[in-house]
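Summary of structural features
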Amino acid sequence: MKRLKKWTAVTMLIAVLACTLTACSKEKKPENGQQDTNQNDTAQNNSNTDNNQAANGKGRVYYLNFKPEVADVWEKIAAEYTKETGVPVKVVTAASGEYEKTLKSEMAKKEAPTLFHINGPVGYQTWKDYTMDLKDTNLYSWLNTPDLAISEDGGVFGVPFVVEGYGIIYNDDIMQKYFALTDKAVDITSVDQINNFATLKAVAEDMTAKKDQLGIKGVFASTSFSAGNDWRWQTHLMNLPMYYEFKESGNKNPDTIAFTYNENFKNIFDLYLNNSLTAPEALGSKSVDDSMGEFARGEAAMVQNGNWGWSEVQKAEGNTVKEENIKFLPIYIGVNGEEKQSICIGTENFLSVNSQASADDQKASIAFMEWVFSSDKGKEFVSKDLGFITPFTTFEDAEKPVDPLAREVDRYMKNTDLYTVTWDFTAFPSQEFKNMLGADLLSYAQGNLKWEELVKNTSQNWADEKEMSAQ
Amino acid sequence: MQKTYKKYFPVFALPTLIAFAIAFLVPFLMGIYLSFCKFTTVTNAKWVGIANYTRAFSNRDFPSALWFTVKFTVVSVILINILAFLLALLLTRKVKGTNVFRTIFFMPNLIGGIVLGYIWQLIINSVLLATVGADITSRAGYGFWGLVVLMCWQMIGYMMIIYIAGIQNVAPELIEAAQIDGATGWQVLTKVTIPMVMPSVTICLFLTISNSFKLFDQNLSLTAGLPGKQTQMMALDIFNTFYGRNGWEGVGQAKAVIFFVIVGIITFTQLWLTRRKEVEG
């Protein structure tokens, strides 16, 4: 009996020592300049264990999902795929705004994600050791605009799989009520005739003056600025002046910016602030949810957001916005020729396959995504349950999503008279840059920072952050 | 007998040792190693020497976060300990309902920091909006005092309990003897009670200093560093460095190591200083 206990103790001790020793050796390897072989070793190990697990050489799929709102749909898709093919698919969803953090810790594990997202050229720089060349996959060949993919030196490392659009979402019910007023200050008679900043401003300001008649508390929903809720301004709105600047210079990834269109940015930002239902002093504690709630309850007529906002409006308590009344208007900022400007359409979700996973896993992962975007069952999931507008040619018109804002995006995409504003914010130097811009915008809204200061800071931060990230 | 105990040492201590090694020792050593590396994931790191440490000081974020943290720590440590001690004195007298009061004062400590931060943000914002027409993000001063109030509210109850335990352990004979010798109430307090509760003071100062220095949840949920980065404390700055820029993970790690050294030096100095003042009963 005694002897038995002794042996247990000794075994446990050995186990602990083994643990610490492996940890040490793992840490030391890169020091000896053997990083590459080390990586190969781990990849080899992975494939071994996989073979043991799956035992059929089919590999496994581990997809780290970006969108919490469709987490259960992906689980359903995974289960369906496993049932059909026998390949195990694991889906993990990162919490909202936590994707990079989750990815960083998941990638460090032995069973790392085989399918993950990068958010654009800047995200690619972070993850380029982990992204596999997808040039020869069907997925890439199905893209209707191959330019959308992330490529470098002839290789394709990120394939977009969902296209999204954002602009000013408006409640047509309230707008019709406004245009029916006899004492309105503008000549136009419908929202379709708003096609530049001057008209938008005139309408918004007149609506503010007549807000009691319209039964609204303000034209624009709160310009939300609480922590983590300023992306609609520091990323999405900032995209417009940058789009025009990049268009003018022809350089989509400059080291420094002139911020030429800062006055236009100020125009639209002031318009949001001055015609909002919330006083600028109280914006620091408003969240995106608050804004979408105000819009859904009919307290505000307009809110800047993207097509993903529909589910939020639909689910909001006390929602009065009808499906047929929710529409998009482009964000006009007062640039010459903007009458032809469309809404902002692009993606920051690029699908990448882990280059350090085993070949079987890579093959399985690509096959899984190809099944999702080309088989009848997969496509049904995509358009009905995920509600994605995909950039793939495998989708017919009838297979496109049915939610009202997604249809609006589709309508704008088809309108070839208009030019689309691309999502150039994927070239913004870092999250830090966006956070600093957000903080400055809030200070400006509160009256604690002059606009010239903000412009100066922003150009400076851009240059600094580009330089720091390049180090 | 002693020998038999020794034999069983691994059996009883191993589970704890394993847990300690996995959850503390290994990550800690890895963390120090990683502060000298450039990495995206922690298992795939490249040695870069002290570059991370020089980059940690390449802009003023870190020094200004350090300065803000020091200011905050000084103010909150003084306030918390004085108020907690006064409450403890009050609640060791024979007043009716002391137990109820003790429970009530202790309760805030049971609520998590993030939740507390959001609750106080609501309270402070509505007060500020009603009085000065601004919210907590509009001035660094609001954020600073908001954090101090929040920290006091959360920590005072806990420290109070420790002080109460200390005060109750002061032998009544000592106080009686002092009173017979003609000591005033103030003299009894400063010459008998306080020296006798020095062990409690040591532990309370240690807890408040280290907790104020390491404050993160409350900072994140109450101000998130706004306006600008003016109310950003060190832990939050480290977090933002790690996740805010590509390729800056190592710099965040380097800042964390510096942070550890600073907190270590300060708390050990404090322990050493107050330990010397402890007396045997």
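Small disclaimer: the values here were computed from a predicted structure and weren't measured.

Conventions and cut-offs
Residues numbered from 1 in each chain as written. Chains lettered and ligands numbered in written order. Predicted model: local features only at pLDDT ≥ 70, side-chain atom pairs only at ≥ 80, totals over all residues. Helix = DSSP H or I, 4+ residues; strand = E, 2+ residues; numbered from the N terminus. Contact = placed C-beta atoms within 7 Å. Buried ≥ 20, exposed ≤ 12 C-beta atoms within 10 Å, placed from the backbone. UniProt positions renumbered as here; feature names shortened; annotations may be inferred. Core = buried A, V, L, I, M, F, W, Y, C linked by C-beta atoms within 7 Å. Domains from an automatic or database assignment. Nonpolar A, V, L, I, M, F, W, Y, C, P; charged D, E, K, R; others polar. pLDDT = per-residue confidence, 0-100. Axes fitted to C-alpha atoms, helices over the stretch in contact; angles between N-to-C directions. Left-handed = near helix turned anticlockwise from the far one by under 90°. Expected span 1.5 Å × (residues − 1). Arc of directions from axis to C-beta.

1. So, the overall build of chain A
Helix and strand content of chain A: 19 helices and 12 strands. For chain A, long-range pairs separated by at least 24 residues make up 72% of all intrachain contacts whose partners lie at least 6 apart in sequence.

2. What about the overall build of chain B?
Each helix and strand counted, chain B has 12 helices and two strands in total. Reading the helices (α) and strands (β) of chain B from amino to carboxyl end gives α-β-β-α-α-α-α-α-α-α-α-α-α-α. Along the first, second and third principal axes, the C-alpha atoms of chain B reach 70 × 70 × 30 Å. For chain B, with 281 residues in total, the buried portion stands at 36%. Put simply, of all contacts in chain B between residues at least 6 apart along the chain, 74% involve residues at least 24 apart.

3. Regarding the UniProt feature "transmembrane region" (unreviewed entry) in chain B
Under the UniProt annotation, the feature "transmembrane region" (unreviewed entry) is placed at residues 12–36, 65–91, 103–124, 144–167, 188–209 and 256–273 of chain B. Regarding residues 65–91 of chain B, the helix share stands at 100% and the strand share at 0%, and the terminal C-alpha atoms are separated by 37 Å.

4. Some thoughts on the nonpolar core
Core analysis: the biggest nonpolar cluster contains 170 residues, and Ala300, Ala301 and Met302 of chain A together with Ala84, Met159, Met160 and Tyr163 of chain B have the highest contact counts within it. The biggest single contributor to this core is helix α6 (residues 140–168) of chain B, with 12 residues. Non-local contacts of alanine 84 of chain B, meaning those with residues more than four positions away in its chain, are made with Ile156, Met159, Met160, Tyr163 and Cys204 of chain B. Counting residues in each nonpolar core, the second largest holds five residues, with Phe36, Cys37, Val42 and Ala45 of chain B among its members.

5. Some words on the domain arrangement of chain B
It is common to give the size of an interface as the accessible area lost on bringing the parts into contact. Residues and elements named next belong to chain B. Partitioning chain B into domains gives domain 1 (2–51) and domain 2 (61–276). Measuring from the centre of the C-alpha atoms in domain 1 to the corresponding centre in domain 2 gives 30 Å. Across the boundary between the two partners, domain 1 contributes nine residues, which contact seven residues of domain 2. Looking at the side of domain 1 that touches domain 2, the elements with two or more residues in it are α1 (2–34) and β1 (37–39). Its residues assigned to classes, the side of domain 1 that touches domain 2 comprises five nonpolar, three polar and one charged.

6. Side note on unusual backbone geometry
All names here are of chain A. One non-glycine residue, aspartate 153, lies in the positive phi region at around 50°. Among the structural elements, aspartate 153 can be located in the loop between β4 (150–152) and β5 (155–160). Phi at phenylalanine 259 is positive, roughly 55°, even though this residue is not glycine. With respect to the helices and strands, the residue phenylalanine 259 is situated in the loop between α11 (239–249) and α12 (262–274). Given 18 C-beta atoms within 10 Å, phenylalanine 259 falls into the partly exposed group.

7. Remarks on the confidence of the model for chain A
Caution applies to low-pLDDT parts of the model: their predicted coordinates are not meant to be read in detail. Overall, the prediction assigns chain A a mean pLDDT of 83, with 88% of residues at 70 or greater. Low pLDDT, under 50, characterises residues 16–55 of chain A; the predicted model gives this stretch 37 contacts beyond four residues in sequence or across chains.

8. Examining the interface of chain A and chain B
Counting residues at the interface gives 41 residues for chain A, matched by 34 residues for chain B. Those elements giving two or more residues to the side of chain A that touches chain B turn out to be α1 (2–28), α4 (99–107), α5 (121–127), α18 (431–445) and α19 (451–470) of chain A. Of the residues forming the side of chain A that touches chain B, the biggest block, 10 residues, is contributed by α1 of chain A. In the side of chain A that touches chain B, the residues fall into 16 nonpolar, 14 polar and 11 charged.

9. Observations concerning the domain arrangement of chain A
Residue and element names in this part refer to chain A. Domains assigned within chain A are domain 1 (52–163 + 347–395) and domain 2 (165–345 + 416–470). Domain 1 and domain 2 are separated by 31 Å when their C-alpha centres are compared. Across the boundary between the two partners, domain 1 contributes nine residues, which contact eight residues of domain 2.

10. A few points about the packing of helix α3 (residues 61–91) of chain B against helix α9 (residues 198–213) of chain B
All names here are of chain B. Relative orientation of the contacting elements α3 and α9 amounts to 145°, with a least axis distance of 9 Å. The interaxial crossing formed by α3 with α9 has right-handed handedness. Here Thr69, Phe72, Thr73, Ser76, Val77, Ile80, Asn81 and Ala84 of α3 lie close against α9, whose contacting residues are Cys204, Leu205, Thr208, Ile209, Ser212 and Phe213. Class assignment of the residues belonging to the contact of α3 with α9 gives a composition of eight nonpolar, six polar and no charged.

11. Some thoughts on the environment of asparagine 251 of chain A
Structurally, asparagine 251 of chain A can be placed in the loop between α11 and α12. Placed 156 residues apart in sequence, asparagine 251 of chain A and arginine 407 of chain A show a C-alpha to C-alpha distance of 32 Å.

12. With respect to helix α5 (residues 113–131) of chain B
Residues and elements named next belong to chain B. For α5, built from 19 residues, the straight-helix expectation of 27 Å at 1.5 Å per residue is met to within 8% by its first-to-last C-alpha distance of 26 Å. All of the buried residues in α5 are Leu116, Gly117, Trp120, Gln121, Ile124, Asn125 and Leu128. Relative to the axis of α5, the buried residues are bounded by an arc of 155° and lie together on one face. Turned more than 90 degrees away from the buried face of α5 sit Val115, Leu122 and Ala130, all of them exposed. Looking at the buried side of α5, the elements it contacts are α6 and α10 (217–222). Just downstream of α5 lies glycine 133, where phi reads positive at about 70°.

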